[in-house]
Amino acid sequence: MPQSKTFKQLSSRDKLTSKELAEFYIQQIQKLNPIYRAVIELNPDAVHQADQQRKNKDPISQFGLHGIPVLVKDNIATKDTMNTTAGS
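What you see is a predicted model; the values in this text were computed from it and never measured. (Residues numbered from 1 in each chain as written. Predicted model: local features only at pLDDT ≥ 70, side-chain atom pairs only at ≥ 80, totals over all residues. Heavy atoms only, no water.)

J.: Could you give me a rundown of the overall build of the protein chain, with the residues and numbers involved?
T.: When its secondary structure is counted, the protein chain shows three helices and zero strands. The N-to-C order of helical and strand elements in the protein chain reads α-α-α. Counting every position in the protein chain, which comprises 88 residues, the buried fraction comes to 20%. Long-range pairs, those at least 24 residues apart, make up 54% of the contacts in the protein chain with a sequence separation of at least 6. As displayed, the protein chain offers around 6,800 Å² of accessible surface, 54% of which is attributable to carbon and sulfur atoms. (Helix = DSSP H or I, 4+ residues; strand = E, 2+ residues; numbered from the N terminus. Buried < 20%, exposed > 50% of the residue type's maximum accessible area, 1.4 Å probe, protein only. Contact = heavy atoms within 4.5 Å. Areas by Shrake-Rupley, 256 points an atom, 1.4 Å probe, with all protein chains shown as cover.)

Below you can see the structure in the form of structure tokens.
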């Protein structure tokens, strides 16, 4: 899978979408997590949020990691349905 800079280039030419990238990483997590047990929860809205990212025309959203899926440790509160368990 591409690095973030490559993703931005592919994304700007409509060769790869945030939704496709999110789906790829979800598949990889589902495949490898039974072995590594590193991910305790996936955001059920991740694919929808990635798809919505494409519709965001705010110029500031075109920089940095916008549109790139990330894993967040469970001790960090997020504004969604994800649990904040701090490993407990």
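J.: Any details on a nonpolar patch on the surface? Residues and values, ideally.
T.: On the surface, Leu-65, Val-70, Val-72 and Ile-76 cluster together into a nonpolar patch covering about 380 Å² of accessible area. Relative to the helices and strands, Leu-65 is located in the segment after α3 (46–53). For Leu-65, a relative accessible area of 53% corresponds to the exposed category. (Patch = residues over 30% accessible without salt bridge, like charges linked within 9 Å, V, L, I, M, F, W, Y side chains within 5 Å. Salt bridge = Lys/Arg side-chain N within 4 Å of Asp/Glu carboxyl O.)

J.: So what's going on with the packing of aromatic side chains? Residues and values would help.
T.: This model, assessed by the stated rule, comprises one aromatic pair. Geometrically, the ring pair formed by Phe-24 and Tyr-25 is edge-to-face, given 5.2 Å between the ring centres and 70° between the ring planes. Note on Phe-24: relative accessible area 25%, which makes it partly exposed. (Phe/Tyr/Trp six-rings, centres within 6.5 Å; stacked < 30°, edge-to-face > 60°.)

J.: A description of the packing of helix α2 (residues 18–36) against α3 should follow, citing residues and the corresponding values.
T.: Between α2 and α3, the least distance of the axes is 7 Å, while the angle of their chain directions is 155°. For the element pair α2 / α3, the angle class is roughly antiparallel. Crossing of α2 against α3: the hand is right-handed. Where α2 abuts α3, its residues Ser-18, Lys-19, Ala-22, Glu-23 and Ile-26 lie against Ala-46, Val-47, Ala-50, Asp-51 and Gln-53. (Axes fitted to C-alpha atoms, helices over the stretch in contact; angles between N-to-C directions. Parallel < 35°, antiparallel > 145°, perpendicular 65-115°, else oblique. Left-handed = near helix turned anticlockwise from the far one by under 90°.)

J.: Go over α2 with me, naming the residues and quoting the values.
T.: Relative to the 27 Å expected for 19 residues at 1.5 Å per residue, α2 spans 25 Å between its end C-alpha atoms, a close match to the ideal helical length. Among the residues making up α2, those that are buried are Ser-18, Leu-21, Ala-22, Ile-26, Ile-29 and Asn-33. Positive phi shows up at Arg-37, right after α2, with a value of about 50°. (Expected span 1.5 Å × (residues − 1).)

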